[in-house]
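Observations on chain architecture
Residues per chain are reported as follows:
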Amino acid sequence: MINSHIIKLLSPKIQTFPSGKDFIYLVGPIKLPVNLDGETRTFQWYSWLKSDQAMESGELIESLASAELAERQQSSVLVYGDFAEAQEALIRMHSICHTGDIFGSKRCDCGFQLEQSMKMIAAHGAGALFYLANHEGRGIGLFSKAMAYLLQEEGLDTVDANLQLGFTDDSRNYDDAIAVLRALRSTPVTLITNNPRKLAALQEAGLNVGGRVPLWGDRSAFNEKYLQTKVSRSGHLADADTLLPHAQA
C-alpha cells in the first residue's frame, strides 16, 4: 500500500486523457539539465504510459510495482522554454534508435538527428522533442531490426529488408504523440523532419502545423545508401546534395 502522502505529492503531476479507445497517463514536468556540446540546457521531461484502463492517479501509482513496466518501453517528451504559450515552437517526432542514439552507430543518421534537433529547439527558445519508444526500426522492434540489419549486410536496402521480414516499409503510428502534443500546446508548431509522412500525420489529425524545417547531416560512407534509400524509396524530402556520393559532398 502506497503512503497517501506520496500519492498526494505525485497526483498533481499526472495528466490523463484519451487516445482512441485507450488512455494516456502523462507524468511531469521534471527538470532535466542536458549536456549539449559542453553547455547545460535545462529541458522539462515528461513520460507517458498508455493503458486500456481508466484509472485515478492513486490507482495508477498503486499499480506501478506490479505492472512490470521495465519489460516494455515508455515514450518521452522533452519540452524547452514556454512551449505552451510561445508564439513559435519547434517540435521533433523522433523514433527511438538504440544503435544510433545510444551506441553512436554510423549506419544511420538518427543519433545526429536527435542531438541536432535538441540544439535547434534550445536555440529557437521554445519547442519539444517527442522520443517515441515503439518506433524502433520504423516500428518493427529492436530484435526484428537486428534481423533486418543482417539482410542489409547481404545487399538489401532498408525498405526491402523490412518487406522481406513481412513488415511494411514504415508501420509507425503517431496518434499517441499527437494526443500528448495537444495536451501540451494548442497553437501552431513547426516540425523538424525530412519525412513528409510525419508532416501528413499531424496535418491529417487536424493539428496546426505552420511549417517544416529539414534536418540532414552526418553523411558518411557508412550511411550513404541508407540516406539515398530514404529519398528514393521512402519519399523523404532531399536537400541539394543528399543524393550525391559522399566523396563529392
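Everything discussed here concerns the structure shown above.
Our subject in this report is the structure included herewith.

What counts, and where the lines are drawn
- Residues numbered from 1 in each chain as written.
- Predicted model: local features only at pLDDT ≥ 70, side-chain atom pairs only at ≥ 80, totals over all residues.
- Heavy atoms only, no water.
- 1 Å grid on protein atoms, 1.4 Å probe; cavity = no way out; pocket = protein on both sides within 12 Å on 5 of 7 lines; lining within 4 Å.
- Points joined across faces, edges and corners; volume = space filled by probe spheres on them.
- Helix = DSSP H or I, 4+ residues; strand = E, 2+ residues; numbered from the N terminus.
- Nonpolar A, V, L, I, M, F, W, Y, C, P; charged D, E, K, R; others polar.
- Buried < 20%, exposed > 50% of the residue type's maximum accessible area, 1.4 Å probe, protein only.
- Polar contact = N/O pair within 3.5 Å; in protein donor to acceptor, adjacent residues only side chain to side chain.
- Contact = heavy atoms within 4.5 Å.
- Phe/Tyr/Trp six-rings, centres within 6.5 Å; stacked < 30°, edge-to-face > 60°.
- Lys NZ or Arg CZ within 6 Å of the ring centre and 35° of its normal.
- Core = buried A, V, L, I, M, F, W, Y, C linked by side-chain atoms within 4.5 Å.
- Pairing = 2+ DSSP bridges.

**Quick word on the layout of surface pockets**
By volume, the largest pocket is sized at about 390 Å³. Residue lining of the largest pocket: 18 residues in total, with Trp-48, Lys-50, Ser-75, Asn-134 and Asp-176 positioned closest to the centre. Of all the secondary-structure elements, those providing two or more residues to the lining of the largest pocket are β3 (39–51) and α8 (175–184). Classifying every residue of the lining of the largest pocket gives six nonpolar, seven polar and five charged.

**Brief notes about the side chain of Ser-47**
Secondary-structure assignment places Ser-47 in strand β3. A relative accessible area of 16% places Ser-47 in the buried class. Side-chain polar atoms of Ser-47 contact the backbone oxygen of Ser-75, separated by 3.0 Å. Apart from the residues lying within four places of it in its own chain, the contact partners of Ser-47 are Tyr-25, Leu-26, Val-27, Gln-74, Ser-75 and Ser-76.

**Some words on the packing of aromatic side chains**
With the rule as written, the count across this model stands at two aromatic pairs. Sitting above the plane of the Tyr-149 ring, Arg-107 keeps its charged end 4.0 Å from the centroid. A cation over a ring is seen here: Arg-185 above Phe-83, with NZ or CZ 5.6 Å from the ring centre.

**Brief notes about the nonpolar core**
Ranked by size, the top nonpolar core spans 27 residues in total, and within it Ile-91, Met-93 and Phe-130 carry the most contacts. Among the secondary structure elements, those contributing two or more residues to this core are β2 (22–36), β3, β4 (75–80), β5 (90–95), β6 (127–132), α8, β7 (189–192) and α9 (196–204). Not counting chain neighbours up to four residues away, the residues in contact with Met-93 comprise Phe-130, Leu-132, Tyr-174, Ala-177, Leu-181, Leu-191, Lys-198 and Leu-202. Among the nonpolar cores identified, the runner-up in size contains 14 residues, and Val-34, Tyr-80, Ile-121 and Leu-215 belong to it.

**Here we look at the pairing of β2**
Bridge count for strand β1 (residues 14–19) against β2 is six bridges, and the pairing is antiparallel. Looking across to β2, one finds that Ile-14 is bridged to Val-27. Relative to β3, β2 runs antiparallel, the two being bridged by twelve bridges. Each bridged residue has a counterpart across the sheet, and for Ile-24 the counterpart in β3 is Lys-50. The antiparallel pairing of β2 with β3 creates a hairpin that spans two residues between the two strands, and Asp-37 there sits at a positive phi of about 55°.

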